[in-house]
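For reference, the chains in residue letters:
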Amino acid sequence: MPVLSFAFDAEARRALLAIAHTTAQQALSGRPDPAPPRPVIPGRFGGAFVTFYRGTALRGCIGTFLPTADIVATLEEVTRSSLADPRFRRDPIRSAELP
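Fair warning: this is a prediction, and the values are worked out from it, not measured in the lab.

Here's the deal with the packing of helix 1 (residues 10-29) against helix 2 (residues 71-83)
Moving on, step 1. Contact geometry for helix 1 and helix 2: axes closest at 9 Å, N-to-C directions at 40 degrees. Classed by the angle they form, the pair helix 1 and helix 2 counts as oblique. Seen along the crossing, helix 1 lies across helix 2 with a hand that is right-handed. Touching L16, I19, A20, T23, A24, A27 and L28 of helix 1 are I71, V72, L75, E76, T79, R80 and L83, all from helix 2.

In structure tokens form, the structure reads like this:
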């Protein structure tokens, strides 16, 4: 079985971080702000993960290994799902924690 490897360039990494940040801000505020233009990042990807830190301490890492052709939609869904994760009920993620 071939091993697939993919590295995002700096522009794609910035775009994906902006998508995750915007999605998290919208979910935490409860109001859908106008979304920035969605980048098109072609390819097949092995899933996506969202990682939260408090300072340098890991808060949580949530995602999916399921393959996807639409990494942006997958990242948006993983971000929304991560904020609704029951493990954060007692100590929810707050907007101030976002990078």
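Focus on the packing of aromatic side chains
Moving on, step 1. By the definition in use, this model includes three aromatic pairs.
Moving on, step 2. Arranged with centres 6.0 Å apart and planes meeting at 85 degrees, the rings of F52 and F88 form a pair that is edge-to-face. Residue F52 is located in strand 1 (residues 48-54), and its partner F88 is located in the segment after helix 2; the two are separated by 36 residues in the primary sequence.
Moving on, step 3. Here F88 falls in the buried class, since its relative accessible area comes to 6%.

Side note on the pairing of strand 1
Moving on, step 1. Pairing geometry for strand 1 and strand 2 (residues 57-64), over seven bridges, is antiparallel. Paired with F49 across the bridge in strand 2 is G63.
Moving on, step 2. Hairpin connection, strand 1 to strand 2: the antiparallel pair is bridged by two residues, and G55 has positive phi, about 65 degrees.

Thresholds, definitions, all that
Residues numbered from 1 in each chain as written. Predicted model: local features only at pLDDT ≥ 70, side-chain atom pairs only at ≥ 80, totals over all residues. Heavy atoms only, no water. Axes fitted to C-alpha atoms, helices over the stretch in contact; angles between N-to-C directions. Helix = DSSP H or I, 4+ residues; strand = E, 2+ residues; numbered from the N terminus. Parallel < 35°, antiparallel > 145°, perpendicular 65-115°, else oblique. Left-handed = near helix turned anticlockwise from the far one by under 90°. Contact = heavy atoms within 4.5 Å. Phe/Tyr/Trp six-rings, centres within 6.5 Å; stacked < 30°, edge-to-face > 60°. Buried < 20%, exposed > 50% of the residue type's maximum accessible area, 1.4 Å probe, protein only. Pairing = 2+ DSSP bridges.

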